[in-house]
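Spelled out from the first residue to the last, the chains are:
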Amino acid sequence: MGVPVNQKQIIFVSGGKTFYAAVKLSMNQTSRIDPTKPIDMHVHIVGNGTGGTGCWLRVTGWHRPLARLMLRQVGLPGSAMTGDLDGLVVARLLEMMRTSSLGAAVILAQDDVHDENGKVMPGVGSFYVPNDYVLALAKKHREFLPAVSIHPARPDAIEELDRCVAAGAVMMKCLPNCQNINCSDRRLTKFWERMAEVKLPLLAHTGGEHTLPVVRPEFSDPRTLQLPLECGVTVIAAHSGTKSGLTDPEYFHIFAEMTQRFPNLYGDTSAFNVPLRGRHVRKCLVEPLASRMVHGSDFPVPVNGLWAWMRGFVSWKDYRQAQRNPNILERDYQLKVAMGFAPESFTRISKLLRLP
Ligand SMILES: [Zn+2]
């Protein structure tokens, strides 16, 4: 017969064997992260809602061929867009995780676009991934850690934050320029203070964006992250402020300067294997920046080592070897290792996430 000790642990008093199995199960649930294994902390989930996931996708204009290109990169046919995209993406991701050097992937939800009063702006957002979907996926698959997405101007923002934290959220993700979030709006102070209090880190997109429609380009500037930083939130500037398109402003130097003022500011290496974003790799490899970098791929964004090879960041051999691997999560990891990122940059995030 079982004697419940706490919610996570049930100790069976009859039979030594049963007792051992129960404790082991409990340890698996609470310490699912192997701190020695690399973590990809920037992995997007996408879906069209098949299977009742609640996801939606609105791809128009030139974003259509781009979306098809991304699917091909992932190893899925273009027809997946109208098929069971949700199930196919998750199955492919799990397969990639299981055949990679990675210990875990932080999978990202995506909130809708809201105005500054927290009202949904209908027809503006291009994709949506519910918090409950990533929370459920992470419960089901030990390879995944859930990052929720909450527009902080929502009237129920703090309530939703508390609910997600109780359900196991490890991080909060937002794209201020695409989701219309002015992170430094004083009205959001309480929300950031609550995030700091519950120790939930913020992953905020910085720099230009070309795979999604941009609503407020000025919110790509890392300086807009000052208020959450001042409130004590651990902030990770996605892409470290680097530019994505030729005409985008470059914010990398601003991000780098801010890390000197804010010990709670980090930057991720996501999408560093697209043509422009990886230009500043050399500066990311040395102090003071090196100890602020964390590893992310930006799956399903294409990963090509050509740009790193052209800039002399990786050898021809390393480039070719990585390129032969169809698993883009592993390819991105191998290329970053070849660039010279230190082992700690791949595991550092485990100290920043809100892990159970
Ligand atoms: Zn991203």
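Computed from a predicted structure; not experimentally measured.

A short note on the overall build of the protein chain
Thought 1: In terms of helices and strands, the protein chain carries 15 helices and 12 strands.
Thought 2: Computed over the C-alpha atoms, the radius of gyration of the protein chain is 20 Å, within 12% of the 21 Å expected from 2.2 N^0.38 for a compact globule of 356 residues.
Thought 3: By its C-alpha atoms, the protein chain is 70 × 50 × 45 Å across when sized along the principal axes.
Thought 4: Every one of the 356 residues in the protein chain was classed for burial, and the buried ones make up 46%.
Thought 5: Residue pairs at least 24 apart in sequence account for 75% of intrachain contacts in the protein chain once pairs closer than 6 positions are excluded.

Section: the packing of helix α5 (residues 157–166) against helix α7 (residues 189–197)
Thought 1: One can describe the packing of α5 onto α7 by two numbers: an axis separation of 10 Å at closest approach and a directional angle of 15 degrees. Relative to α7, the element α5 lies roughly parallel. For α5 against α7, the interelement crossing comes out right-handed. Every residue of α7 that contacts α5 at Ala-157, Ile-158 and Leu-161 is listed here: Lys-190, Phe-191, Arg-194 and Met-195.
Thought 2: Among the residues forming the contact of α5 with α7, the class breakdown is 5 nonpolar, no polar and 2 charged.

Re the sheet that holds strand β10 (residues 235–238)
Thought 1: Strand order across the open sheet formed by 8 strands is β3-β5-β7-β8-β9-β10-β11-β12, with parallel pairing between neighbours. Whereas interior strands pair on both sides, the edge strands pair on one side only; in this sheet they are β3 (39–44) and β12 (293–294).
Thought 2: Relative to β12, strand β11 (residues 265–268) runs parallel, the two being bridged by 2 bridges. Across the sheet, the residue bridging to Asp-268 is Val-294, located in β12.

A few points about the nonpolar core
Thought 1: Counting 98 residues, the largest nonpolar core has Val-106, Ile-107, Val-134, Ala-147 and Met-172 as its most contacted members.
Thought 2: It is helix α3 (residues 85–98) that contributes the most residues to this core, 6 residues altogether.
Thought 3: Excluding residues that lie within four positions of it along the chain, Met-172 makes contacts with Ala-147, Val-148, Ser-149, Ile-150, Met-195, Leu-200 and Leu-202.

Side note on the environment of Met-96
Thought 1: Note on placement: Met-96 falls in helix α3.
Thought 2: Met-96 gets classed as buried once you count the C-beta atoms within 10 Å, which come to 24.
Thought 3: As for Met-96 and Asn-327, which are separated by 231 residues in sequence, their C-alpha atoms are 5.8 Å apart.
Thought 4: Setting aside its immediate chain neighbours within four residues, Met-96 contacts Asn-327 and Leu-329.

Some words on helix α2 (residues 63–74)
Thought 1: Between its terminal C-alpha atoms α2 stretches 17 Å, which fits the 16 Å expected from 12 residues at 1.5 Å a residue.
Thought 2: Where α2 is buried, its residues contact α3 and α13 (328–339).
Thought 3: Immediately beyond the C-terminal end of α2, within one or two residues, lies Gly-75, with a positive phi of roughly 95 degrees.

As for the domain arrangement of the protein chain
Thought 1: For the protein chain, the assigned domains read domain 1 (1–30) and domain 2 (36–352).
Thought 2: Computed from C-alpha atoms alone, the centre-to-centre distance between domain 1 and domain 2 is 37 Å.

Structural notes on unusual backbone geometry
Thought 1: A cis amide bond, omega 10 degrees, links Glu-287 with the succeeding residue Pro-288.
Thought 2: Summarising the element assignment, Pro-288 is placed in the loop between α10 (281–284) and β12.
Thought 3: Look at the link from Phe-299 to Pro-300: it is a cis peptide, with omega at 10 degrees.
Thought 4: Of note, Pro-300 is situated in the loop between β12 and α11 (306–310).
Thought 5: At Asp-298, a residue that is not glycine, the phi angle is positive and equals roughly 75 degrees.
Thought 6: Residue position: Asp-298 is located in the loop between β12 and α11.
Thought 7: The class for Asp-298 is buried, based on 26 C-beta atoms found within 10 Å.

Comments concerning α7
Thought 1: Residues of α7 that are buried include every one of Phe-191, Trp-192 and Met-195, and no others. One side of α7 holds all its buried residues, which, seen down the axis, span an arc of 95 degrees.
Thought 2: Each element contacted by the buried residues of α7 is listed here: α5, β8 (171–174), β9 (202–205) and α8 (226–230).
Thought 3: Residue Lys-199 follows α7 closely and has a positive phi angle near 60 degrees.

Reading the values: the criteria
Residues numbered from 1 in each chain as written. Predicted model: local features only at pLDDT ≥ 70, side-chain atom pairs only at ≥ 80, totals over all residues. Helix = DSSP H or I, 4+ residues; strand = E, 2+ residues; numbered from the N terminus. Rg over C-alpha atoms; globule rule 2.2 N^0.38 Å. Buried ≥ 20, exposed ≤ 12 C-beta atoms within 10 Å, placed from the backbone. Contact = placed C-beta atoms within 7 Å. Axes fitted to C-alpha atoms, helices over the stretch in contact; angles between N-to-C directions. Parallel < 35°, antiparallel > 145°, perpendicular 65-115°, else oblique. Left-handed = near helix turned anticlockwise from the far one by under 90°. Nonpolar A, V, L, I, M, F, W, Y, C, P; charged D, E, K, R; others polar. Pairing = 2+ DSSP bridges. Core = buried A, V, L, I, M, F, W, Y, C linked by C-beta atoms within 7 Å. Expected span 1.5 Å × (residues − 1). Domains from an automatic or database assignment. Arc of directions from axis to C-beta.

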